[in-house]
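Structure at a glance
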Amino acid sequence: MTPQPSDDIYDCVIVGGGPAGATAAHDLAKAGRRVLLLDKAGRIKPCGGAIPPRLIEDFDIPESVIVARARAARMIAPSGRVVDMPVEGGAVGMVDREHFDEWLRARAAKAGCERRAGSFTHIEREADGLANIVYKPKDDGSETVRIRTRTIIGADGAKSRVAAEAIPGGGETKCVFAYHEIIKSPEQTDGFDPARCDIYYQGRLSPDFYAWVFPHGETTSVGVGSANKGFSLRDAIRTLRKDIGLDDAELVRKEGAPIPLKPLKRWDNGRDVLLAGDAAGVVAPASGEGIYYAMLGGREAATAIRELIETGDVRALAATRKRYMKAHGQVFMILGIMQHFWYRSDKRREGFVAMCNDKDVQRLTWDAYLNKRLGKPDHMAHLKIFLKDTAHLLGLAPARPKQT
């Protein structure tokens, strides 16, 4: 069926209404640009839901959106040994993506962004080169619609259809597939604390990533990730829930989705299309943290689109990735190396959890996570960590820490 035309021309059409797309839509609409946010609607990404104080501050997230606060993380090794990592002087905000993402979209609409529910199909070009987004409305039968736009932001996830069509090498990145079950939160028990995030580094639950139990107030996310296509994520969650006494907890919903492991080498088409969020591959390796990096990517994309519209200089698009990676590329590199080495076997996972028992490691880790920076140089602490890390690499340090 021939796509139906629209006489309106938008400054930007954003495909995907997750944290990246919704943030870009909000910023552009707030700046007075004519923006349309196209989202599938009803799609919820599996996610632990942790957001650092830096995100809450930078993006003006109100307390009403935060469903819980975690004041510690617990690392569980293959042997069952645990290492507790309390958040000194702070806490990690927890959100439920079902409500958090919708709140972000609603905020964008309040700023003046137009919202539509539908599935992106492809991009067409008019004779003058103007872009047309073609999509299928969510509840409109088989009819398709064409939207004319000056620019496009692809924020439609790890397997981005916008990236696959418009960006050289787009949509071709290695991913971890994540699956989680949202359950009704139990009362506090020996195996569950509503103010603690539990992370399981055990090969039986994930051969190359980790499993988690993250509290969301009235509900809890029990999830796992793996790039191993032959590994059953559902079986792993079934095992984990049974192990911690949550096998009878009421199931609220379940979701699965790919999570990219590495930023794409190119985020733009050199003309009018720019990627953001998972579509650009900006998820932190090892931890899988993506909300902060997605929202930051959405904000950077909005800035670049504004510059392009105002100046006509397409170099603003390519400058987005350069600026972003200059600020965060080192973190991605370090975490990528860490994941590649430490997640390869249970023996190495045991050593990794043992390292997390070190107070210097904990302090530097929390500082980097909470504030989104590597921190000021602490040469003695880094030297201690380097020596301990080297000892583990060479097998000279005991893998199992003593219980404290």
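Let us look at the structure shown here. (Residues numbered from 1 in each chain as written. Predicted model: local features only at pLDDT ≥ 70, side-chain atom pairs only at ≥ 80, totals over all residues. Heavy atoms only, no water.)

We now examine the overall build of the protein. A tally of regular secondary structure across the protein gives ten helices and 16 strands. The buried share among the 404 residues of the protein stands at 53%. If you take every contact in the protein between residues at least 6 apart in sequence, the share linking residues at least 24 apart comes to 69%. Put simply, the protein shows about 18500 Å² of open surface, and 51% of that area lies on carbon and sulfur atoms. (Helix = DSSP H or I, 4+ residues; strand = E, 2+ residues; numbered from the N terminus. Buried < 20%, exposed > 50% of the residue type's maximum accessible area, 1.4 Å probe, protein only. Contact = heavy atoms within 4.5 Å. Areas by Shrake-Rupley, 256 points an atom, 1.4 Å probe, with all protein chains shown as cover.)

On to helix α7 (residues 315-342), then. When the terminal C-alpha atoms of α7 are compared, their 39 Å separation across 28 residues agrees well with the 40 Å that a helix rising 1.5 Å per residue should span. The principal kink in α7, of about 60 degrees, is found at His328. Looking only at α7, the buried set comprises Ala316, Leu317, Thr320, Tyr324, His328, Gly329, Val331, Phe332, Leu335, Gln339 and Trp342. (Expected span 1.5 Å × (residues − 1). Bend = angle between axes of the 7 residues up to and from the residue.)

This part is about the sheet that holds strand β3 (residues 50-51). Taken in spatial order, the three strands line up as β3-β7-β4 in an open sheet, and their pairing is antiparallel. Only two strands of the sheet have a single partner each, and these edge strands are β3 and β4 (68-70). Here β3 pairs with strand β7 (residues 92-94) via two bridges, running antiparallel. Along β7, the bridge assignment pairs Ala50 with Met94. (Pairing = 2+ DSSP bridges.)

When the charged atoms of two side chains lie near each other, side chains of opposite charge can form a pair. As enumerated under the stated definition, the model contains 28 salt bridges in all. Across the pair Asp84 and Arg74 runs a salt bridge, and its minimum N-O distance is 2.6 Å. In this pair, Asp84 is assigned in strand β6 (residues 82-86) and Arg74 in strand β5 (residues 72-76), connecting sequence segments ten residues apart. Arg146 is paired through a salt bridge with Glu124; the nearest N and O atoms lie 3.0 Å apart. Residue Arg146 is located in strand β10 (residues 145-154), and its partner Glu124 is located in strand β8 (residues 114-125); the two are separated by 22 residues in the primary sequence. Taking relative accessible area as the criterion, Glu124 reaches 23% and is therefore assigned partly exposed. (Salt bridge = Lys/Arg side-chain N within 4 Å of Asp/Glu carboxyl O.)

We now examine empty space enclosed by the protein. Tallied over the full model, the rule gives one cavity of 30 Å³ or more. If you add up the space inside the largest cavity, you get close to 40 Å³. Looking at the largest cavity, the residues that line it are Ala22, Thr23, His26, Asp27, Phe59, Leu104, Arg107 and Arg299. Listing elements by their share of the lining of the largest cavity, those giving two or more residues are α1 (19-30) and α3 (97-110). Ranked by the residues each element gives to the lining of the largest cavity, the list is headed by α1, at four residues. When the residues that make up the lining of the largest cavity are grouped by side-chain class, the tally is three nonpolar, two polar and three charged. (1 Å grid on protein atoms, 1.4 Å probe; cavity = no way out; pocket = protein on both sides within 12 Å on 5 of 7 lines; lining within 4 Å. Points joined across faces, edges and corners; volume = space filled by probe spheres on them. Nonpolar A, V, L, I, M, F, W, Y, C, P; charged D, E, K, R; others polar.)

In this section: unusual backbone geometry. Notably, Asp60 is not glycine yet its phi reads approximately 55 degrees, a positive angle. The topology assignment puts Asp60 in the loop between α2 (53-58) and β4. Notably, Ala286 is not glycine yet its phi reads approximately 70 degrees, a positive angle. Structurally, the position occupied by Ala286 is in the loop between β16 (273-275) and α6 (291-311).

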